[in-house]
Amino acid sequence: MSKQRSAGEIMRAETIYAVATGAGRAAIAVVRISGPDSRALVRLMAGRVPEPRQADLVTLRHPSTHDILDRCLLLFFEGPKSETGEDSAEFHLHGSRAVLAAVLDVLAALPNVRQAEPGEFARRSFLNGKADLAQMEGLADLLDAETQWQRRQAQRQLSGAMRDVTGPWRAILVQASAQIETAIDFTDDVDLAETVHGTVIALLWPVLKGLRHELGQAKAAERVRDGVQIVIAGPPNAGKSTLLNALAKRDAAIVSTIAGTTRDPIEVHMDFDGCPVTLVDTAGLRDSSDSIEQIGISRARSRADEADLLLWLSEDGRPPEVETSGVVWSIVTKADAIPPDRRQPETFYLSTETGENLAALLDRLADYARGIAQSGAMGLLTRTRHRQAFEAAEQALVRIVGDTSLPVELMAEELRAARFALERLIGTVDVEDILGDIFSRFCIGK
Ligand SMILES: Nc1nc2c(ncn2[C@@H]2O[C@H](COP(=O)(O)OP(=O)(O)OP(=O)(O)O)[C@@H](O)[C@H]2O)c(=O)[nH]1
Ligand SMILES: [Mg+2]
């Protein structure tokens, strides 16, 4: 990709094209074009411009040799009623490499027409006000979605949920600012300042409550997007790798009677009822003089630390010997070797050898993941960026409602900060740095 362009630098005069469908043989290959020359380009190649948004069967010809390139379906979209907001078109070609190459050759040779950069169609659609920034992020997430809860979450974001939820709050903040401006005009009037403070706080409470509600769901929402981290840790030989393999239903990790077999953390990606889960097997924890094993153990500790759920495995039921901010489930392994009279109450015994409690563990894991997925899929704050913006807005409002003697000028300042945080979220202000990051992740043709 060439150098990142800023919004202002985008050369609107250029018409872009890209293959929008995947590589390889397929029945149909879609080529999209967008930009001011779309109409002329369609006329040049197809001999006519179809009615906007109506499929037309046309013969595409080479503009100079008049060689027939393909007989295909053609759709024309007239700006601004198009996805990019510009005149644009789609050629639904036969999915032949030769047809595609011939059509792309023609497009490449036309003046003022060039191949699109990754995400450039989406970028134009954003710049032309067809979608806000959070919607664009939803689109990116939808394209990456692997599980059903990820799909639901991304579709909600794509439908404009962020703007729908924060829009009314923004309006309230504007209203509060107006109240304060009045008070600033009469700064000598102490009574008025107090009254304004009361009015403003009453206005802000529902916003604060809403911000906090979403922040409460943020962790689960981020998990649905990025996956729940379930980490298996414990002393060497506890049967950690055996459990990972049993849950993954394949030999992902080496299992052996030698203590200290696993070194690097081993990740398996799973789909628990539509919730993405990353299951991590780690090196057995012990004092070791082997420098490679020590590295493995320190990685095990840091993975355990970041886990959402830690499965602490041991043969003797010892308490966890790792730090974690997540939930801990203690499991006693190799239950087949523990006779009933030596078993403790309230202890979860597992044997991968006989299968004892393996199905029960899987059920509990699925329940756990489903719980996160259901609250998380409806959560709005799917990215760290979203959470930080909500936190910034929340803190600004707390500084107002928490200090009844806050001068009106400072109240105005905090209100502006809160509004700015929300506007940045949907991309009305200060978006340059985020834009490049989002759109460069799209594939060409999106
Ligand atoms: N009897 C019995 N043996 C088991 C069970 N689970 C694992 N084992 C055996 O215990 C040994 C160690 O298993 P691993 O899964 O490699 O143990 P680990 O915790 O990954 O060990 P490290 O990677 O060295 O930390 C192997 O010989 C397994 O076959 C079980 O439920 N019952
Ligand atoms: Mg192991």
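Residues numbered from 1 in each chain as written. Chains lettered and ligands numbered in written order. Predicted model: local features only at pLDDT ≥ 70, side-chain atom pairs only at ≥ 80, totals over all residues. Heavy atoms only, no water.

### Points about the overall build of the chain
Let me state the cut-off plainly: Runs of H or I in DSSP of at least four residues are treated as helices and runs of E of at least two as strands, each being numbered from the N terminus. Computation of the radius of gyration draws on C-alpha atoms, with the globule rule given as 2.2 Å multiplied by the number of residues to the power 0.38. Here the term buried applies to any residue with accessible area under 20% of the maximum for its type, exposed to any over 50%, and partly exposed to those in between, with areas from a 1.4 Å probe on protein chains only.
Within the chain, the regular secondary structure consists of 13 helices and eleven strands. The C-alpha radius of gyration computed for the chain amounts to 29 Å, which surpasses the reference 22 Å derived for 446 residues by more than 25%, pointing to a less compact arrangement than a globule. Once the C-alpha set of the chain is aligned to its principal axes, its extents read approximately 85 × 80 × 40 Å. Counting the 446 residues in the chain, one finds 48% classified as buried.

### Describing the sheet that holds strand E9 (residues 275-281)
Note the following rule: Strand pairing follows a simple DSSP-based rule, namely that at least 2 bridges must link the two strands. Each axis is a line fitted through C-alpha atoms, taken for helices only over the stretch in contact, and angles between the N-to-C directions span 0 to 180 degrees.
Within the open sheet, the five strands sit side by side as E8-E9-E7-E10-E11. Their pairing is mixed. Each of the sheet's edge strands pairs with one partner strand only, and the pair in question is strand E8 (266-272) and strand E11 (327-332). Within this sheet the neighbouring strands show an average axis-to-axis angle of 20°, counted without direction. The sheet contact formed by strand E7 (residues 228-233) and E9 spans five bridges and is parallel. Each bridged residue has a counterpart across the sheet, and for Val231 the counterpart in E9 is Val280.

### Considerations on the pattern of salt bridges
What counts here: Salt bridges are identified by distance alone: a Lys or Arg side-chain nitrogen within 4 Å of an Asp or Glu carboxyl oxygen.
This model, assessed by the stated rule, comprises 31 salt bridges. The shortest N-O distance in the salt bridge between Asp273 and Arg370 comes to 2.6 Å. Taken together, the residues span a long stretch of sequence, with Asp273 in the loop between E8 and E9 and Arg370 in helix H10 (residues 358-377) at a distance of 97 residues. Residue class for Asp273 comes out partly exposed when judged on its relative accessible area of 44%. Residue classification places Arg370 among the partly exposed residues on the basis of a relative accessible area of 27%. Ionic pairing is found between Glu414 and Arg399, a salt bridge with its closest N-O pair at 2.8 Å.

### Observations regarding the domain arrangement of the chain
Heads up, the rule is: How far each domain reaches was decided by an automatic or database domain assignment. Here, two residues are considered to be in contact whenever any of their heavy atoms come within 4.5 Å of each other. Here the quantity called buried area is the accessible surface, traced with a 1.4 Å probe, that two parts lose on coming together, added over both. Identification of polar contacts relies on pairs of N or O atoms within 3.5 Å, with a donor-acceptor requirement for protein atoms, meaning one able to donate a hydrogen and the other able to accept it, and with residues adjacent in sequence counted only if both atoms are side-chain atoms.
Under the domain assignment used here, the chain contains domain 1 (7-131), domain 2 (142-224 + 383-427) and domain 3 (236-370). The C-alpha-based centres of domain 2 and domain 3 are spaced at 42 Å. The interface is formed by eight residues belonging to domain 2 together with six residues belonging to domain 3. It is Thr147, Trp149 and Arg223 that lose the most area in domain 2 upon contact with domain 3, and together they represent 72% of the buried surface on that side. Linking domain 2 with domain 3 are four residue pairs in polar contact (both at pLDDT 80 or more).

### Considerations on unusual backbone geometry
The amide bond that connects Gly79 to the next residue, Pro80, takes the cis arrangement and shows omega of 0°. Looking at where Pro80 falls in the secondary structure, it is placed in the loop between strand E4 (68-77) and strand E5 (88-94). With a phi close to 65°, Asn112 is a non-glycine residue in the positive phi region. Looking at the secondary structure, you find Asn112 in the loop between helix H2 (97-109) and strand E6 (113-115). A residue is classified by how much of its surface remains accessible, and Asn112, at 43% relative accessible area, is partly exposed. Even without being glycine, Asn357 reaches a positive phi, approximately 65°. Among the structural elements, Asn357 can be located in the loop between E11 and H10.

### Here's the deal with the side chain of Glu14
Looking at the secondary structure, you find Glu14 in the segment before strand E1 (15-19). Here Arg114 takes part through its side chain, which lies 2.8 Å from a polar atom of the side chain of Glu14. Each residue touching Glu14, except ones within four places of it in the same chain, is listed here: Ser34, Gly35, Pro36, Asn112, Arg114 and Arg124.

### A short note on the coordination of the magnesium ion (ligand 2)
The following threshold applies: Any nitrogen, oxygen or sulfur atom within 2.8 Å of a metal ion counts as a donor, with the limit raised to 3.2 Å for Na, K and Ca, and since water is left out, coordination shells can look unfinished.
Coordination of the magnesium ion (ligand 2) by the protein involves Ser241 (OG) and Thr262 (OG1), with metal-donor separations of 2.0 Å. Of this pair, Ser241 sits in helix H8 (residues 240-248) while Thr262 sits in the loop between H8 and E8, placing them 21 residues apart in sequence. For Ser241, a relative accessible area of 8% translates into the label buried.

### Observations regarding the site of ligand 1
Rules: Proximity is defined per residue: if any heavy atom of the residue lies within 4 Å of a molecule or strand, that residue is considered near it. Only the protein chains shown count as cover for residues, and the accessible areas themselves come from Shrake-Rupley with a 1.4 Å probe. In the scheme used here, Gly and all other residues not listed as nonpolar or charged are polar, with Ala, Val, Leu, Ile, Met, Phe, Trp, Tyr, Cys and Pro taken as nonpolar and Asp, Glu, Lys and Arg as charged.
Lining the immediate surroundings of ligand 1 are 21 residues, of which Lys240, Ser241, Thr242, Gly260 and Asp336 lie closest. At a separation of 3.3 Å, an oxygen atom of ligand 1 approaches a polar backbone atom of Ser256. Relative to its unbound accessible surface of 650 Å², ligand 1 loses 87% to contact with the protein. Classifying every residue of the shell around ligand 1 gives five nonpolar, twelve polar and four charged.

### Side note on the packing of aromatic side chains
Inclusion rule: Planes of paired rings set the category: under 30 degrees apart is stacked, over 60 is edge-to-face and the rest tilted, where pairs are Phe, Tyr or Trp rings (Trp by its six-membered ring) whose centres lie within 6.5 Å. By definition, being over a ring means that NZ of Lys or CZ of Arg is both within 6 Å of the ring centre and within 35 degrees of the ring normal.
In total, this model carries two aromatic pairs according to the counting rule given. Aromatic pair Trp169 and Phe390: ring centres 5.8 Å apart, planes at 65°, arrangement edge-to-face. Here Trp169 is found in helix H6 (residues 161-185), whereas its partner Phe390 is found in helix H11 (residues 384-401), with 221 residues between them in sequence. An identical accessibility class is assigned to Trp169 and Phe390; each is buried. Where Trp329 meets Tyr368, the ring centres are 6.0 Å apart and the plane angle is 75°; that geometry is what we call edge-to-face. Note that Trp329 is positioned in strand E11 and Tyr368 in helix H10, a separation of 39 residues in sequence. Sitting over the ring of Phe121, Arg32 keeps its end group 4.5 Å from the ring centre. The aromatic ring of Tyr349 is capped on one face by Arg343, whose charged end is 4.7 Å from the ring centroid.

### A short note on the environment of Leu285
Within the element layout of this structure, Leu285 appears in the loop between E9 and helix H9 (291-306). Distance from Leu285 to Asp273, taken between C-alpha atoms, is 31 Å for residues twelve residues apart in sequence. Excluding residues that lie within four positions of it along the chain, Leu285 makes contacts with Gly234, Pro235, Pro236, Ile297, Ala300, Arg301, Trp312, Glu321 and Val322.

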